[in-house]
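# Chain and residue survey
The lines below spell out each chain.
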Amino acid sequence: MLAGFKECKQPGIFLTVSRNQCVSLTANTCCFRLYNLTQERNRDGSIRYVHLPMLSKEQEAQRLAARGFLPPPQDDFADLCNLPVLNEDSILNNLRTRFHKKKIYTYAGSILIAINPFKFLPIYNPKYVKMYENHQLGKLEPHIFAIADVAYYAMLRKKVNQCIVISGESGSGKTQSTNFLIHSSADPLFISCLWAFGNAKTAHNNNSSRFGKFIQVNYLESGYLLEKSRLVSRAKNER
Ligand SMILES: Nc1ncnc2c1ncn2[C@@H]1O[C@H](COP(=O)(O)OP(=O)(O)OP(=O)(O)O)[C@@H](O)[C@H]1O
(Lines give C-alpha, C1' and ligand atoms only; values in the text may rest on other atoms or scores of the structure.)
Protein backbone atom coordinates (compact mmCIF):
# COMPACT_ATOMS: atom_id res chain seq x y z
CA MET A 1 0.00 0.00 0.00
CA LEU A 2 1.22 3.49 -0.75
CA ALA A 3 0.61 6.35 1.62
CA GLY A 4 0.55 8.84 -1.25
CA PHE A 5 -2.49 7.20 -2.73
CA LYS A 6 -4.75 8.68 -0.09
CA GLU A 7 -4.82 11.73 -2.33
CA CYS A 8 -5.74 9.80 -5.46
CA LYS A 9 -9.38 9.50 -4.41
CA GLN A 10 -9.67 6.34 -6.48
CA PRO A 11 -11.76 3.61 -4.86
CA GLY A 12 -10.12 0.22 -4.56
CA ILE A 13 -6.96 -1.35 -3.24
CA PHE A 14 -3.64 -0.41 -4.83
CA LEU A 15 -0.77 -2.85 -5.02
CA THR A 16 2.69 -1.92 -6.24
CA VAL A 17 3.89 -4.12 -9.10
CA SER A 18 7.11 -2.31 -9.94
CA ARG A 19 8.98 0.85 -8.94
CA ASN A 20 6.51 3.26 -10.56
CA GLN A 21 3.49 1.16 -11.45
CA CYS A 22 0.59 -0.10 -9.42
CA VAL A 23 -2.53 -2.19 -9.93
CA SER A 24 -5.97 -1.13 -8.78
CA LEU A 25 -8.26 -3.93 -7.66
CA THR A 26 -11.71 -2.46 -7.92
CA ALA A 27 -14.09 -4.47 -5.76
CA ASN A 28 -17.36 -3.64 -7.48
CA THR A 29 -16.15 -4.33 -11.04
CA CYS A 30 -13.75 -7.14 -10.09
CA CYS A 31 -11.24 -5.96 -12.68
CA PHE A 32 -7.55 -5.11 -12.71
CA ARG A 33 -6.31 -1.83 -14.09
CA LEU A 34 -2.66 -0.96 -14.56
CA TYR A 35 -1.58 2.58 -13.66
CA ASN A 36 1.57 4.60 -13.95
CA LEU A 37 2.38 6.21 -10.64
CA THR A 38 3.80 9.71 -10.95
CA GLN A 39 5.18 12.03 -8.31
CA GLU A 40 4.15 15.68 -8.64
CA ARG A 41 4.70 18.78 -6.50
CA ASN A 42 1.89 20.90 -5.14
CA ARG A 43 2.19 24.71 -5.22
CA ASP A 44 3.31 24.76 -1.60
CA GLY A 45 6.16 22.39 -2.46
CA SER A 46 4.64 19.29 -0.86
CA ILE A 47 4.68 16.06 -2.83
CA ARG A 48 1.58 14.30 -4.09
CA TYR A 49 1.15 11.13 -6.08
CA VAL A 50 -1.03 10.96 -9.15
CA HIS A 51 -1.77 7.90 -11.17
CA LEU A 52 -2.24 7.83 -14.91
CA PRO A 53 -3.95 4.89 -16.61
CA MET A 54 -1.50 2.91 -18.76
CA LEU A 55 -2.07 3.72 -22.43
CA SER A 56 -1.64 1.46 -25.40
CA LYS A 57 1.18 2.31 -27.81
CA GLU A 58 -1.30 3.89 -30.26
CA GLN A 59 -3.03 5.95 -27.53
CA GLU A 60 0.33 7.11 -26.23
CA ALA A 61 1.39 8.14 -29.76
CA GLN A 62 -1.92 10.01 -30.24
CA ARG A 63 -1.48 11.79 -26.90
CA LEU A 64 2.06 12.87 -27.76
CA ALA A 65 0.99 13.98 -31.26
CA ALA A 66 -1.88 16.05 -29.75
CA ARG A 67 0.64 17.78 -27.47
CA GLY A 68 2.97 18.49 -30.40
CA PHE A 69 5.77 16.10 -29.30
CA LEU A 70 5.31 13.83 -32.32
CA PRO A 71 4.24 14.57 -35.89
CA PRO A 72 0.53 13.79 -36.46
CA PRO A 73 -0.03 10.12 -37.32
CA GLN A 74 0.05 9.38 -41.06
CA ASP A 75 -3.17 7.94 -42.42
CA ASP A 76 -1.69 6.83 -45.73
CA PHE A 77 1.70 5.68 -46.91
CA ALA A 78 3.12 6.28 -50.39
CA ASP A 79 5.25 3.14 -50.05
CA LEU A 80 3.75 -0.05 -48.63
CA CYS A 81 7.18 -0.91 -47.21
CA ASN A 82 6.70 1.94 -44.70
CA LEU A 83 3.46 0.57 -43.25
CA PRO A 84 3.89 0.10 -39.49
CA VAL A 85 1.88 -3.15 -39.66
CA LEU A 86 2.20 -5.17 -42.84
CA ASN A 87 -0.68 -7.55 -43.54
CA GLU A 88 -3.45 -7.89 -46.12
CA ASP A 89 -5.84 -5.62 -44.17
CA SER A 90 -3.34 -2.79 -43.70
CA ILE A 91 -2.25 -2.97 -47.36
CA LEU A 92 -5.82 -2.84 -48.66
CA ASN A 93 -6.79 -0.09 -46.20
CA ASN A 94 -3.81 1.98 -47.28
CA LEU A 95 -4.61 1.54 -50.99
CA ARG A 96 -8.29 2.37 -50.33
CA THR A 97 -7.47 5.50 -48.30
CA ARG A 98 -5.10 6.72 -51.01
CA PHE A 99 -7.57 5.93 -53.78
CA HIS A 100 -10.26 8.01 -52.02
CA LYS A 101 -7.77 10.89 -52.01
CA LYS A 102 -7.34 10.43 -55.77
CA LYS A 103 -3.86 8.96 -55.24
CA ILE A 104 -4.11 5.99 -57.58
CA TYR A 105 -0.40 5.13 -57.48
CA THR A 106 1.44 3.53 -54.54
CA TYR A 107 4.92 2.03 -54.36
CA ALA A 108 5.85 -1.35 -52.96
CA GLY A 109 9.58 -0.70 -52.97
CA SER A 110 10.50 -0.18 -56.62
CA ILE A 111 7.21 -1.67 -57.86
CA LEU A 112 4.38 0.70 -58.76
CA ILE A 113 0.82 -0.34 -57.93
CA ALA A 114 -1.85 1.46 -59.98
CA ILE A 115 -5.58 1.35 -59.26
CA ASN A 116 -7.73 2.12 -62.27
CA PRO A 117 -9.79 5.26 -61.48
CA PHE A 118 -11.98 4.82 -64.59
CA LYS A 119 -12.06 8.58 -64.91
CA PHE A 120 -9.70 11.28 -66.11
CA LEU A 121 -7.29 12.63 -63.50
CA PRO A 122 -5.29 15.77 -64.33
CA ILE A 123 -1.93 14.17 -63.50
CA TYR A 124 -0.60 13.34 -66.93
CA ASN A 125 0.07 16.70 -68.55
CA PRO A 126 3.59 17.81 -69.63
CA LYS A 127 4.00 19.69 -66.33
CA TYR A 128 4.06 16.31 -64.57
CA VAL A 129 6.54 14.83 -67.06
CA LYS A 130 8.85 17.74 -66.28
CA MET A 131 8.29 17.44 -62.54
CA TYR A 132 9.39 13.79 -62.46
CA GLU A 133 12.41 14.34 -64.71
CA ASN A 134 15.64 13.02 -63.21
CA HIS A 135 14.14 12.46 -59.76
CA GLN A 136 15.03 9.72 -57.33
CA LEU A 137 12.21 7.20 -56.90
CA GLY A 138 10.22 7.99 -53.75
CA LYS A 139 11.11 11.68 -53.52
CA LEU A 140 7.77 12.71 -55.04
CA GLU A 141 4.30 11.13 -54.93
CA PRO A 142 4.30 7.75 -56.73
CA HIS A 143 3.62 8.14 -60.46
CA ILE A 144 3.99 6.18 -63.69
CA PHE A 145 6.19 8.99 -65.04
CA ALA A 146 8.63 8.38 -62.19
CA ILE A 147 9.03 4.77 -63.36
CA ALA A 148 9.58 5.91 -66.98
CA ASP A 149 12.12 8.46 -65.82
CA VAL A 150 14.04 6.02 -63.62
CA ALA A 151 14.28 3.52 -66.50
CA TYR A 152 15.39 6.21 -68.93
CA TYR A 153 18.11 7.67 -66.72
CA ALA A 154 19.30 4.20 -65.60
CA MET A 155 19.74 3.36 -69.30
CA LEU A 156 21.73 6.57 -69.91
CA ARG A 157 23.85 6.14 -66.80
CA LYS A 158 24.57 2.40 -66.89
CA LYS A 159 24.34 2.00 -70.68
CA VAL A 160 22.34 -1.19 -70.13
CA ASN A 161 18.90 -2.08 -71.55
CA GLN A 162 16.04 -1.44 -69.14
CA CYS A 163 12.80 -3.41 -68.88
CA ILE A 164 9.40 -2.48 -67.44
CA VAL A 165 6.89 -5.29 -66.87
CA ILE A 166 3.21 -4.28 -66.71
CA SER A 167 0.83 -6.87 -65.36
CA GLY A 168 -2.81 -6.98 -64.22
CA GLU A 169 -6.23 -8.42 -65.04
CA SER A 170 -8.29 -7.36 -68.05
CA GLY A 171 -9.42 -3.76 -67.73
CA SER A 172 -6.99 -2.94 -64.92
CA GLY A 173 -5.23 -0.28 -66.99
CA LYS A 174 -2.18 -1.95 -68.57
CA THR A 175 -2.73 -0.40 -72.00
CA GLN A 176 -3.29 3.05 -70.52
CA SER A 177 -0.16 2.67 -68.39
CA THR A 178 1.87 1.66 -71.45
CA ASN A 179 0.42 4.68 -73.19
CA PHE A 180 1.48 7.00 -70.36
CA LEU A 181 4.94 5.42 -70.23
CA ILE A 182 5.50 5.89 -73.93
CA HIS A 183 3.91 9.34 -73.96
CA SER A 184 6.46 10.47 -71.43
CA SER A 185 9.39 9.12 -73.45
CA ALA A 186 8.41 8.34 -77.06
CA ASP A 187 6.08 9.05 -79.98
CA PRO A 188 2.42 8.19 -79.21
CA LEU A 189 1.54 7.70 -82.90
CA PHE A 190 2.46 4.05 -82.98
CA ILE A 191 0.10 3.31 -80.03
CA SER A 192 -2.84 4.38 -82.15
CA CYS A 193 -1.66 1.94 -84.86
CA LEU A 194 -1.42 -0.87 -82.32
CA TRP A 195 -4.94 -0.14 -81.07
CA ALA A 196 -6.40 0.06 -84.58
CA PHE A 197 -5.18 -3.42 -85.45
CA GLY A 198 -5.18 -5.29 -82.19
CA ASN A 199 -7.91 -4.02 -79.84
CA ALA A 200 -11.56 -5.02 -79.47
CA LYS A 201 -14.54 -4.25 -77.27
CA THR A 202 -15.19 -6.93 -74.62
CA ALA A 203 -17.60 -7.24 -71.68
CA HIS A 204 -14.81 -6.05 -69.34
CA ASN A 205 -13.18 -3.37 -71.42
CA ASN A 206 -14.23 -1.16 -74.34
CA ASN A 207 -10.68 -1.10 -75.66
CA SER A 208 -9.27 -4.49 -74.72
CA SER A 209 -5.96 -5.61 -76.19
CA ARG A 210 -6.37 -8.95 -77.91
CA PHE A 211 -2.66 -9.75 -77.82
CA GLY A 212 0.29 -9.72 -75.50
CA LYS A 213 2.69 -6.89 -76.23
CA PHE A 214 6.40 -6.75 -76.35
CA ILE A 215 7.41 -3.19 -77.10
CA GLN A 216 11.02 -2.37 -77.66
CA VAL A 217 12.07 1.26 -77.76
CA ASN A 218 15.53 1.69 -79.24
CA TYR A 219 17.22 4.94 -78.36
CA LEU A 220 19.88 6.58 -80.50
CA GLU A 221 21.96 9.49 -79.36
CA SER A 222 20.06 11.65 -81.84
CA GLY A 223 16.64 10.37 -80.75
CA TYR A 224 14.85 7.01 -80.72
CA LEU A 225 13.66 4.29 -83.04
CA LEU A 226 10.57 2.23 -82.37
CA GLU A 227 10.50 -1.45 -82.99
CA LYS A 228 7.67 -3.74 -82.04
CA SER A 229 6.82 -7.39 -82.27
CA ARG A 230 3.63 -9.04 -81.21
CA LEU A 231 3.00 -12.38 -79.57
CA VAL A 232 -0.45 -13.55 -80.69
CA SER A 233 -2.16 -16.45 -79.04
CA ARG A 234 -5.74 -17.59 -78.67
CA ALA A 235 -7.28 -19.34 -75.65
CA LYS A 236 -9.57 -22.37 -76.12
CA ASN A 237 -12.91 -20.51 -76.00
CA GLU A 238 -11.73 -17.44 -77.85
CA ARG A 239 -11.77 -16.70 -81.54
N1 LIG B 1 -4.79 5.82 -65.30
C2 LIG B 1 -6.02 5.84 -65.78
N3 LIG B 1 -6.76 6.97 -65.72
C4 LIG B 1 -8.01 7.01 -66.19
N5 LIG B 1 -8.64 5.95 -66.77
C6 LIG B 1 -7.96 4.80 -66.87
C7 LIG B 1 -6.61 4.67 -66.39
N8 LIG B 1 -6.21 3.40 -66.61
C9 LIG B 1 -7.23 2.79 -67.21
N10 LIG B 1 -8.28 3.61 -67.39
C11 LIG B 1 -9.61 3.29 -67.97
O12 LIG B 1 -9.79 1.89 -67.92
C13 LIG B 1 -10.05 1.37 -69.22
C14 LIG B 1 -9.38 0.02 -69.36
O15 LIG B 1 -7.98 0.18 -69.29
P16 LIG B 1 -6.97 -0.63 -70.25
O17 LIG B 1 -7.52 -0.78 -71.61
O18 LIG B 1 -5.64 0.05 -70.13
O19 LIG B 1 -6.95 -2.03 -69.51
P20 LIG B 1 -6.05 -3.32 -69.86
O21 LIG B 1 -5.48 -3.79 -68.57
O22 LIG B 1 -5.08 -3.00 -70.94
O23 LIG B 1 -7.15 -4.33 -70.38
P24 LIG B 1 -6.95 -5.58 -71.39
O25 LIG B 1 -6.05 -6.55 -70.68
O26 LIG B 1 -8.34 -6.09 -71.54
O27 LIG B 1 -6.38 -5.04 -72.66
C28 LIG B 1 -9.49 2.41 -70.19
O29 LIG B 1 -10.18 2.41 -71.42
C30 LIG B 1 -9.70 3.71 -69.44
O31 LIG B 1 -11.01 4.19 -69.65
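My aim in this report is to walk through the structure given alongside it, one point at a time. Model, not experiment: these values are computed from the prediction. (Residues numbered from 1 in each chain as written. Predicted model: local features only at pLDDT ≥ 70, side-chain atom pairs only at ≥ 80, totals over all residues. Heavy atoms only, no water.)

Turning our eyes to something else, we now look at the pairing of strand S6 (residues 111-114). Direction of pairing for strand S5 (residues 105-108) relative to S6: antiparallel, over a ladder of four bridges. Residue pairing for S6: Tyr-107 is matched across the bridge by Leu-112. The antiparallel pairing of S5 with S6 creates a hairpin that spans two residues between the two strands, and Gly-109 there sits at a positive phi of about 70°. (Pairing = 2+ DSSP bridges. Helix = DSSP H or I, 4+ residues; strand = E, 2+ residues; numbered from the N terminus.)

What follows concerns the nonpolar core. Within the largest apolar cluster, 15 residues are counted, with the highest numbers of intra-cluster contacts made by Tyr-105, Ile-123, Tyr-124, Ile-144, Phe-145 and Phe-180. Secondary-structure elements contributing two or more residues to this core are S5, helix H4 (144-158) and helix H5 (174-185). Not counting residues up to four positions away in its chain, the partners in contact with Tyr-124 are Ile-104, Tyr-105, His-143, Ile-144, Phe-145 and Phe-180. (Core = buried A, V, L, I, M, F, W, Y, C linked by side-chain atoms within 4.5 Å. Buried < 20%, exposed > 50% of the residue type's maximum accessible area, 1.4 Å probe, protein only. Contact = heavy atoms within 4.5 Å.)

The subject of this paragraph is the side chain of Ser-177. Of note, Ser-177 is situated in helix H5. There is a polar contact of 2.8 Å between the side chain of Ser-177 and the backbone oxygen of Gly-173. Beyond its immediate sequence surroundings of up to four residues, Ser-177 is in contact with Ile-144 and Ile-166. (Polar contact = N/O pair within 3.5 Å; in protein donor to acceptor, adjacent residues only side chain to side chain.)

In the region of the ligand, 19 residues are neighbours, and Ser-170, Lys-174, Thr-175, Ser-208 and Ser-209 sit closest. Contact distances for the ligand include 2.8 Å between an oxygen atom and a side-chain N or O atom of Asn-116. The backbone of Ser-172 places a nitrogen or oxygen atom 3.3 Å from an oxygen atom of the ligand. For the shell around the ligand, the secondary-structure elements that each account for two or more residues are H5 and strand S8 (208-209). (Near = heavy atom within 4 Å.)

This part covers the environment of Leu-80. Tracing the backbone shows Leu-80 in the loop between helix H1 (57-66) and helix H2 (88-100). According to the relative accessible area criterion, Leu-80 is buried, its value standing at 8%. Distance in space between the C-alpha atoms of Leu-80 and Ser-90 is 9.1 Å, their sequence separation being 10 residues. Setting aside anything within four residues of it in sequence, one finds Leu-80 in contact with Leu-86, Ile-91, Asn-94, Leu-95, Thr-106, Tyr-107, Ala-108 and Ile-113.

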